[in-house]
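Descriptive analysis of the structure
What follows is each chain in one-letter form.
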Amino acid sequence: MITKALTTLKKRLSPHLELSNSRLETMCLLIMGMVNARTVNLSHLACEFPTDSKVESTYRRLQRFFQHVDLGSDWAAPLLVKMIGSGPTWHLCLDRTNWKISQRHVNFLVLAIVTRRHRIPLMWSVLGRAGNSDTAQRIALMKRYLSVFEVSTIKFLLADREFIGAQWLDFLHKNNVPFVIRIKANQLVTTQDGKTQNLSTLLRTCRGKRNFDARFGGNNLGEATWFSFAAKRIKGGELLIVVSNRPAHRALATYKKRWAIESLFGDTKTRGFNLEDTRLTISKKLELLLGLVALAVAWASKTATKLIGGGKMKRKKHGYFAKSFFRIGFDQLRKLLRSDPNAAVSPWILIPHIITRVV
């Protein structure tokens, strides 16, 4: 049965990937192995291959795959969108995830697609150093997105306080990308009544929610863009302040969806594929690895869709879900790969033979 499942995967992926039959088979087995073994570590995955070869030979085969295969930056994005069957628009979340392998930093800048049920890595860059991304790296990632998908597919781009800066926000605004981004309380703004002060001073009496328009910096700004701001007090008295280039009356509620990317990082790490187990450190290899993990995440998420259908997920007494949507699908997928591999790979049939630009 595993042979039929493997054939289905190869059939669906082969029109979209310029790989030899052997490389494509290795790729499909890697994705299936990640699900079964719950890790991306190549030495563990080598034990998952259903072949008569020695484990050492299979391990070397996996090493050669990452050494020689280069599919480009965004090869997985159209496949991911078609697999989850998303609607015409979705939220995008931008964030970083990082860890260390010995003394080397692995630092991913990730743009994720978030829908009512799905949270999937869509595009990413390996920053090659520790610390925050810079404006040029963020703009480059968004340009890659806009080269594959129309701007009309974006409901809102959501990001935390790390992702601010006049040039960055100006790029988003000029390209008509709707955004809701959290900003720091010490940010200097000028309000419509001409007063210039930092946000913590402006909102010192704020106890509930407050919406207002302002622009960044002081009075001598010429044609500086006016943005909408929304603010409220959260636990501990801290101010939660977001800026948007759309009316701010729903900005705070929209910003809550940003947490999905934090949950996604948990799915790719300890709750799912243990991404931090990898020993790969070269950027090209890491980008390819995250592409395989993204396909596996989408596979698990779509498996949950088939299992739950239009039904409701179970909640515990405290109101939270007993299991996340991803974990429901992930557990079911691992079970099916052992008991009914043909049913397990059925979500891949959703990927068409020809994929056009998403409008």
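Please refer to the structure placed before this passage.
Let us look at the structure shown here.

Basis of the calculations
- Residues numbered from 1 in each chain as written.
- Predicted model: local features only at pLDDT ≥ 70, side-chain atom pairs only at ≥ 80, totals over all residues.
- Heavy atoms only, no water.
- Salt bridge = Lys/Arg side-chain N within 4 Å of Asp/Glu carboxyl O.
- Helix = DSSP H or I, 4+ residues; strand = E, 2+ residues; numbered from the N terminus.
- Buried < 20%, exposed > 50% of the residue type's maximum accessible area, 1.4 Å probe, protein only.
- Phe/Tyr/Trp six-rings, centres within 6.5 Å; stacked < 30°, edge-to-face > 60°.
- Lys NZ or Arg CZ within 6 Å of the ring centre and 35° of its normal.
- Polar contact = N/O pair within 3.5 Å; in protein donor to acceptor, adjacent residues only side chain to side chain.
- Contact = heavy atoms within 4.5 Å.
- Axes fitted to C-alpha atoms, helices over the stretch in contact; angles between N-to-C directions.
- Parallel < 35°, antiparallel > 145°, perpendicular 65-115°, else oblique.
- Left-handed = near helix turned anticlockwise from the far one by under 90°.

1. Here's the deal with the pattern of salt bridges
- The final tally for this structure, using the stated rule, is 16 salt bridges.
- Ionic pairing is found between Arg 182 and Glu 238, a salt bridge with its closest N-O pair at 3.0 Å. Of this pair, Arg 182 sits in strand S5 (residues 179–182) while Glu 238 is found in the loop between strand S9 (227–233) and strand S10 (239–244), placing the two residues 56 residues apart along the sequence.
- The partner of Lys 269 in a salt bridge is Glu 276, with the nearest N and O atoms 3.6 Å apart.
- Relative accessible area serves as the criterion here: at 12%, Lys 269 is assigned to the buried category.
- Judged by relative accessible area, which is 31%, Glu 276 ranks as partly exposed.

2. Some details on the packing of aromatic side chains
- This structure, assessed with the given rule, holds 13 aromatic pairs.
- Here the aromatic rings of Phe 326 and Phe 330 are separated by 5.3 Å at their centres, their planes lie at 15°, and the arrangement is stacked. Taken together, the residues span about one helical turn, with Phe 326 and Phe 330 both in helix H12 (residues 325–339) at a distance of four residues. Residue Phe 326 shares its accessibility class with Phe 330, and that shared class is buried.
- Following the ring pairs from residue to residue traces out a cluster consisting of Phe 179, Phe 212, Phe 216, Phe 227 and Phe 229.
- If you follow Arg 210 out to its NZ or CZ, it ends over the ring of Phe 212, 5.6 Å from the centre.
- Stacked on the ring of Phe 330, the Lys or Arg Arg 334 has its end atom at 5.8 Å from the ring centre.

3. Some words on the side chain of Thr 97
- Examined against the element boundaries, Thr 97 turns out to sit in strand S1 (residues 90–101).
- Here Lys 269 takes part through its side chain, which lies 2.4 Å from a polar atom of the side chain of Thr 97.
- Thr 97 has contacts with Val 106, Asn 107, Phe 108, Phe 265 and Lys 269, leaving out every residue within four places of it along the chain.

4. Side note on the packing of helix H2 (residues 21–37) against helix H11 (residues 283–308)
- Between H2 and H11, whose axes approach to 10 Å, the crossing angle comes to 60°. When the axis of H2 is compared with that of H11, the two are oblique. The way H2 lies across H11 gives a crossing that is right-handed. The residues of H11 that touch H2, namely those facing Met 27, Leu 30, Ile 31, Met 32, Met 34 and Val 35, are Leu 289, Leu 292, Val 293, Leu 295, Ala 296 and Trp 299.

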